[in-house]
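The chain contents come next:
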Amino acid sequence: MDMPIASELPLTGIDVHALPPADGEWVLRRQLAAAYRLIDHFGWTELIYGHLTARVPGEAPHFLINPYGLNYDEVTASNLVKIDLDGKIVEPSAHPVNYAGFVIHSAVHMAHAERHKVVMHTHTRAGMAVCALKDGLLPVSMVATAFHGKLSYHDYEGPSLDLDERERLLANLGDNQAMMLRNHGLLTTGRSVPEAFLRLYRLERACQIQLDAAAAGALNVLGDNLAAKSGADMDRFSEMESAVGIGDLEFAALLRKLDKVDASWRH
């Protein structure tokens, strides 16, 4: 797929849904492709599984998802596949998509559409390990407090093949933008790719820290009042650091890192 459109537009500090739909889609494609490459860069992949999806600008409820069968370091802006709410491909593509992988995503995209424009779901070692703990994520680090009182849990029902699971998942998600899928993996959402990615990074890091600390000794679990204060302070910091969107500064820095290694994600 040729991508001459919007090649000069910035990839951060921009609202893709405020652009003309064609321009917005190509900026979004580059953002999402970069996110897939970053997942690979940080070692958060599980072979070809897991998904990052994003709502395409425009009136039609269309979404971008990774080509099923490709490694994350093979994902590019042009080979992302456009699908509808049922996971059906709506434009010609040389690649299939994983229908089961979109069952969860479509449910989240359908609810609170303004807050859940982007949905990221991973099967990381640390994330799945904490999802397997009865107590789940504990406030044992500053980054973990960002999710205190704002983290949902959904019990495992199998590999998400049944559409009727959507209602239960949404009920459990509530108004939050981060979820532990018990015995399964992590899920975050955002109004933009940078926001959802920053939330995923923090949740993954919180899981890693908890496991490392538990392996070293007894956990020093913060009390509810302190954890809530710390979480509120982190929210305020995130909102103040960028005049355009949460996660933009961090994502811009990560894009520079990607380009130093391999800029093929842009095409």
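What comes next is a walk through the structure. From a predicted model like this one, the values you see are computed outputs, not experimental measurements.

### Observations regarding the pattern of salt bridges
Part 1: Tallied over the entire structure, the rule returns 14 salt bridges.
Part 2: A salt bridge links Glu 25 to Arg 29; its shortest N-O distance comes to 3.0 Å. Pair noted here: Glu 25 and Arg 29 are both in helix α1 (residues 21-41), with a separation of four residues, about one helical turn. By the burial criterion, Glu 25 is buried, and Arg 29 matches it.
Part 3: Through salt bridges with shared partners, a single ionic network connects Glu 25, Arg 29, Lys 82 and Glu 91.

### Quick notes on unusual backbone geometry
Part 1: Phi at Leu 47 takes a positive value of approximately 55°, unusual for a residue other than glycine.
Part 2: As for its position among the elements, Leu 47 is in the loop between α1 and β1 (51-55).

### Comments concerning the nonpolar core
Part 1: Core analysis: the largest hydrophobic core is formed by 54 residues, its most contacted members being Met 120, Leu 137 and Phe 197.
Part 2: Take this core: its biggest share by element is nine residues, from α1.
Part 3: When sequence neighbours within four positions are dropped, the list of residues in contact with Met 120 reads Ala 35, His 51, Leu 52, His 105, Leu 186, Leu 187, Thr 188, Val 193, Ala 196, Phe 197 and Leu 200.
Part 4: Ile 104, Val 108, Leu 173 and Leu 181 belong to the second largest nonpolar core, which has eight residues in total.

### Remarks on empty space enclosed by the protein
Part 1: For the structure on display, the rule yields one cavity of 30 Å³ or more.
Part 2: Quantified by volume, the largest cavity comes out at close to 40 Å³.
Part 3: Every residue lining the largest cavity is listed: Ile 104, His 154, Asp 155, Tyr 156, Glu 157, Glu 165, Leu 181, Arg 182 and His 184.
Part 4: Residue classes in the lining of the largest cavity are distributed as three nonpolar, two polar and four charged.

### Quick notes on the sheet that holds strand β5 (residues 152-154)
Part 1: Judged by pairing direction, the sheet is mixed, and its seven strands sit side by side in the order β3-β2-β1-β4-β7-β6-β5 without closing on themselves. This sheet does not close on itself; its edge strands, each paired only once, are β3 (81-83) and β5. Each neighbouring strand pair of the sheet contributes to a mean axis angle of 20°, computed without reference to strand direction.
Part 2: Relative to β3, strand β2 (residues 63-65) runs antiparallel, the two being bridged by three bridges. Note that in β3 the partner of Ile 65 across the bridge is Val 81.
Part 3: Contacting β5 and β6 (178-181), helix α5 (residues 165-173) crosses the sheet at an angle of about 155° to β5.
Part 4: Packing of helix α6 (residues 193-216) onto the sheet brings it into contact with β4 (118-122), β6 and β7 (185-190), and relative to β7 it is tilted by some 150°.

### Thoughts on the pairing of β7
Part 1: For β7, a buried count of six out of six residues is recorded, marking the element as mostly surrounded by other parts of the structure.
Part 2: Bridge analysis of β4 against β7 gives five bridges, and the strand direction is antiparallel. Bridged to Val 118 within β7 is Gly 190.
Part 3: In sequence, β6 turns back onto β7 through a hairpin of three residues, with Asn 183 there showing a positive phi of about 60°.

### So, the packing of α1 against α6
Part 1: The interhelical angle for the contact between α1 and α6, taken along N-to-C directions, is 15°, at an axis separation of 10 Å. In terms of orientation, α1 lies roughly parallel with respect to α6. With respect to the hand of their crossing, α1 and α6 are arranged in right-handed fashion. On α6, the residues that touch Leu 28, Gln 31, Leu 32, Ala 35, Leu 38 and Ile 39 of α1 are Val 193, Pro 194, Phe 197 and Leu 200.
Part 2: Residues that form the contact of α1 with α6 fall into these classes: nine nonpolar, one polar and no charged.

About the criteria used
Residues numbered from 1 in each chain as written. Predicted model: local features only at pLDDT ≥ 70, side-chain atom pairs only at ≥ 80, totals over all residues. Heavy atoms only, no water. Salt bridge = Lys/Arg side-chain N within 4 Å of Asp/Glu carboxyl O. Helix = DSSP H or I, 4+ residues; strand = E, 2+ residues; numbered from the N terminus. Buried < 20%, exposed > 50% of the residue type's maximum accessible area, 1.4 Å probe, protein only. Core = buried A, V, L, I, M, F, W, Y, C linked by side-chain atoms within 4.5 Å. Contact = heavy atoms within 4.5 Å. 1 Å grid on protein atoms, 1.4 Å probe; cavity = no way out; pocket = protein on both sides within 12 Å on 5 of 7 lines; lining within 4 Å. Points joined across faces, edges and corners; volume = space filled by probe spheres on them. Nonpolar A, V, L, I, M, F, W, Y, C, P; charged D, E, K, R; others polar. Pairing = 2+ DSSP bridges. Axes fitted to C-alpha atoms, helices over the stretch in contact; angles between N-to-C directions. Parallel < 35°, antiparallel > 145°, perpendicular 65-115°, else oblique. Left-handed = near helix turned anticlockwise from the far one by under 90°.

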